[in-house]
Amino acid sequence: MTQIAAILGGGVIGGGWAARFLLMGWDVRVFDPDPEAERKINEVLANARRSLPGLSDTAMPDEGRLSFHADLAEAVGPADWIQESVPERLEIKHKVFAQVQAACREDAIIGSSTSGFKPSELQEGAARPAQIVVTHPFNPVYLLPLIELVPSPANDAATVQKAKDILTSIGCFPLHVRKEIDAHIADRFLEAVWREALWLIKDGIATTEEIDEAIRMGFGLRWAQMGLFETYRIAGGEAGMKHFIEQFGPCLSWPWTKLMDVPELTDELVDQIASQSDAQSGKHSIRELERIRDTNLVAMMRALKAQDWGAGAVLNRAQPAKPELEDSALPIVTVQRAVPLDWTDYNGHMNEARYLQAFGDATDRFMEMIGCDGDYIASGGSYFTAETHIRHLDEVHAGASIRVETQVLLGQGKKMHLFHRMYEGGRLLATGEHMLIHVSLETRRASEPSVAIATKLGEIAASHASLPAPEGAGAAIGKR
Ligand SMILES: NC(=O)c1ccc[n+]([C@@H]2O[C@H](COP(=O)([O-])OP(=O)(O)OC[C@H]3O[C@@H](n4cnc5c(N)ncnc54)[C@H](O)[C@@H]3O)[C@@H](O)[C@H]2O)c1
């Protein structure tokens, strides 16, 4: 049964939550008194649709239904999860929780996006404090996996576990913050770095742009994949963490650090920062900057995914299953996925090399289906591609849902001749024809496949023999 999320407050953060739930197959019911909320959420959704589905190498669930409600009680009534993302003011949050708890299911989880308040503060005066937890996300909520899950002593272990399970199921990484604290864990670092940066600007040492370069050209890249302590462990060399702390720890108390102090945010300082920021980034609109950010994040997260590391490992864990062999009498669905942002080029459409990647993935999946899987390859046999012919028939853009159907033209002895068709819905985008030869990985020469593989491939080839010959099969360059 489709699960339901209620989103209270559809601004920057609420819009991101709405997009994540929706694209993970949940129905989403939004309540926000702002008449502009629907437009804003739809803009966030458009960005999410072009970026999130392509992070998965398999098809995401079908999108849920999005509805907007003028009445808070109507929005939360049937919800399994209620996410509060209203402005960061305690009295507004308390008022919203009172309205929510008068209308919601008792078994629903109420998560608050608060960046600063402790759960025990949010729970004050609530009808059922145990139902409310902090689930603090990071912008863009539809891409970044971290959610700081902060309970108070009023929450029982079962609620925390249920919240963890649900967050994991929508592709998040719930970090259980075991002791409640103002501003949780991550924002405390960000504030420390931000304070130090404000000093550097105020003291005329660096501009907003120079500070950003200092981060993104260096330690920002390290942090994205290892964080702080694993990075410093390496910095300590073979002598390790102890040596690192002995060497660099004392400088933390040198007078250069101003972390304890905050520069006064005078009009002059605020103007200075704003005008430096305009000079640095004013050439892009906020929507453009969001798209640049998303494109970069997707490329980095997909790189981490290939390493099964950090945020990429979270993506691998959340990935839906690959297509299974269902009816071998028909062309077989071997790839079903969205086009990732990093597969597109300067023309705005999928790059030619990615057509080959998708067809290569289709061949890999077909090989698994006939038994040429990781175990078989480890035992010393595999198929190598000897020849390829691709026809690019139509354009496709980031976020589009593509499907590859595979027809066996020949499956006999050492030879496997495949014809892939790539579609978006009913639109044929490309065809890929490949001749593969079974090889022994020991001699690197052609060899017979195992009996099990030969039999399975032979069965599919025999049933595909009655399918019409594909238009374009055997065509040479220039002959469509
Ligand atoms: N912006 C961030 O980077 C960020 C990151 C993590 C968490 N948060 C937290 O998320 C929450 C929301 O922040 P935001 O940046 O999305 O703010 P925002 O101003 O963009 O959005 C707040 C939305 O809440 C709506 N709203 C106001 N009163 C409401 C009510 N009574 N019921 C329903 N909706 C109401 C407003 O119309 C607005 O659309 C805050 O608690 C904030 O601390 C923000």
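Residues numbered from 1 in each chain as written. Predicted model: local features only at pLDDT ≥ 70, side-chain atom pairs only at ≥ 80, totals over all residues. Heavy atoms only, no water.

Labelled according to an unreviewed UniProt entry, the protein appears under the name L-carnitine dehydrogenase, originating from Litoreibacter halocynthiae. For the record of the protein, the UniProt heading Pathway (unreviewed entry) holds the text "Amine and polyamine metabolism; carnitine metabolism." Among the UniProt annotations of the protein, the heading Function (unreviewed entry) holds the following wording: "Catalyzes the NAD(+)-dependent oxidation of L-carnitine to 3-dehydrocarnitine." (UniProt positions renumbered as here; feature names shortened; annotations may be inferred.)

Looking only at helices and strands, one finds 16 helices and 13 strands in the protein. Taking all 480 residues of the protein together, 42% fall into the buried category. For the protein, restricting intrachain contacts to residue pairs at least 6 apart in sequence, the fraction spanning at least 24 positions comes to 71%. On the protein, roughly 24600 Å² of surface is accessible, and the fraction owed to carbon and sulfur atoms is 56%. Within the protein, the 66 negative side-chain charges are centred at a point lying 4 Å from the centre of the 47 positive side-chain charges. (Helix = DSSP H or I, 4+ residues; strand = E, 2+ residues; numbered from the N terminus. Buried < 20%, exposed > 50% of the residue type's maximum accessible area, 1.4 Å probe, protein only. Contact = heavy atoms within 4.5 Å. Areas by Shrake-Rupley, 256 points an atom, 1.4 Å probe, with all protein chains shown as cover. Lys, Arg positive; Asp, Glu negative; His and termini not counted. Charge placed at Lys NZ, Arg CZ, Asp CG, Glu CD.)

With that settled, consider the UniProt feature "domain: 3-hydroxyacyl-CoA dehydrogenase NAD binding" (unreviewed entry) in the protein. In the UniProt entry, the feature "domain: 3-hydroxyacyl-CoA dehydrogenase NAD binding" (unreviewed entry) is given for residues 6-179. The distance separating the terminal C-alpha atoms of residues 6-179 is 27 Å; by composition the span is 37% helix and 19% strand.

This part is about the packing of aromatic side chains. Applying the stated criterion across every chain yields a total of four aromatic pairs. Pairing Phe21 with Trp81 gives two aromatic rings, centres 6.4 Å apart and planes at 50°, and the pair type is tilted. Within this pair, whereas Phe21 is found in helix 1 (residues 12-23), its partner Trp81 is found in strand 4 (residues 81-84), the two being separated by 60 residues in sequence. Assigned by exposure class, Phe21 and Trp81 land together as buried. (Phe/Tyr/Trp six-rings, centres within 6.5 Å; stacked < 30°, edge-to-face > 60°.)

Quick look at the nonpolar core now. One finds Trp17, Phe21, Trp81 and Ile170 to be the most contacted residues of the largest nonpolar core, which totals 38 residues. Every element with two or more residues in this core is listed here: strand 1 (4-8), helix 1, strand 2 (27-31), helix 2 (37-51), strand 7 (146-150), helix 6 (157-169) and helix 12 (286-306). Here this core gets six residues from one element, more than from any other, and that element is helix 1. Beyond its immediate chain neighbours, meaning those up to four positions away, Phe21 contacts Ala5, Ile7, Trp26, Val28, Trp81 and Ile170. Core analysis: the next-biggest nonpolar cluster, separate from the first, contains 24 residues, Ala6, Leu72, Ile82 and Leu90 among them. (Core = buried A, V, L, I, M, F, W, Y, C linked by side-chain atoms within 4.5 Å.)

Attention now moves to the site of the ligand. Around the ligand sit 20 residues in total, of which Ile13, Asp32, Glu88, Lys93 and Ser115 are the nearest. Gly9 places a main-chain nitrogen or oxygen 3.5 Å from a nitrogen atom of the ligand. One of the backbone N or O atoms of Val86 is found 3.4 Å from an oxygen atom in the ligand. Expressed as a share of its isolated accessible area of 830 Å², the protein-covered part of the ligand is 73%. When contributions to the shell around the ligand are tallied by element, the ones reaching two or more residues are helix 1 and helix 4 (90-103). The residue makeup of the shell around the ligand, split by class, is eight nonpolar, eight polar and four charged. (Near = heavy atom within 4 Å. Polar contact = N/O pair within 3.5 Å; in protein donor to acceptor, adjacent residues only side chain to side chain. Nonpolar A, V, L, I, M, F, W, Y, C, P; charged D, E, K, R; others polar.)

Attention now moves to the packing of helix 7 (residues 186-202) against helix 8 (residues 208-226). Following both chains from N to C, one finds helix 7 and helix 8 inclined at 145°, their axes separated by 10 Å at the closest point. The handedness of the crossing between helix 7 and helix 8 comes out as right-handed. Packed against helix 7, whose contacting residues are Val193, Ala197, Leu200 and Ile201, the element helix 8 presents Thr208, Ile211 and Trp223 at the interface. For the contact of helix 7 with helix 8, the per-class residue count stands at six nonpolar, one polar and no charged. (Axes fitted to C-alpha atoms, helices over the stretch in contact; angles between N-to-C directions. Left-handed = near helix turned anticlockwise from the far one by under 90°.)

Look at helix 7: 25 Å from first C-alpha to last across 17 residues, which is about the 24 Å you get at 1.5 Å a residue. Those residues of helix 7 that fall on the buried side of the exposure criterion are Ala186, Asp187, Ala197, Leu198, Trp199 and Ile201. Buried residues along helix 7 sit against strand 6 (132-136), strand 7, helix 8 and helix 11 (267-281). Where helix 7 terminates, the next one or two residues include Gly204, which has phi positive at roughly 70°. (Expected span 1.5 Å × (residues − 1).)

What follows covers helix 11. Taking 1.5 Å per residue, 15 residues should reach 21 Å; helix 11 reaches 21 Å between its end C-alpha atoms and fits that length. Taken together, the buried positions of helix 11 are Leu269, Gln276 and Gln280. Around the axis of helix 11, the buried residues are gathered within 40° of arc, so they sit on the same side. Facing away from the buried side of helix 11 by more than 90 degrees, the exposed set consists of Asp267, Asp271 and Asp278. Elements in contact with the buried residues of helix 11: helix 7 and helix 8. (Arc of directions from axis to C-beta.)

Now for the side chain of Arg365. Residue placement: Arg365 occurs in helix 14 (residues 352-369). What makes Arg365 buried here is its relative accessible area of 11%. Setting aside anything within four residues of it in sequence, one finds Arg365 in contact with Lys322, Pro323, Glu324 and Thr334.

Right, let's talk about the sheet that holds strand 8 (residues 173-176) for a bit. One open sheet holds the eight strands; their spatial order is 3-2-1-4-5-6-7-8, and the pairing between them is mixed. Two strands in the sheet have a free side with no partner beyond their single neighbour: strand 3 (66-68) and strand 8. Direction aside, neighbouring strands of the sheet carry axes that sit 25° apart on average. Across three bridges, strand 2 lies against strand 3 in parallel orientation. Its bridge partner lying in strand 3, Arg29 is registered against Ser67. The sheet contacts of helix 4 involve strand 1, strand 4, strand 5 (109-112) and strand 6, and relative to strand 5 the element is tilted by about 165°. (Pairing = 2+ DSSP bridges.)

A separate point is the environment of Ile201. With respect to the secondary-structure elements, Ile201 resides in helix 7. Taking relative accessible area as the criterion, Ile201 reaches 5% and is therefore assigned buried. Between the alpha carbons of Ile201 and Ala186 there is a distance of 23 Å; along the sequence they are 15 residues apart. Sequence-distant contacts of Ile201, defined by excluding residues within four places in its chain, comprise Ala206, Thr208, Ile211, Leu269, Gln272, Ile273 and Gln276.

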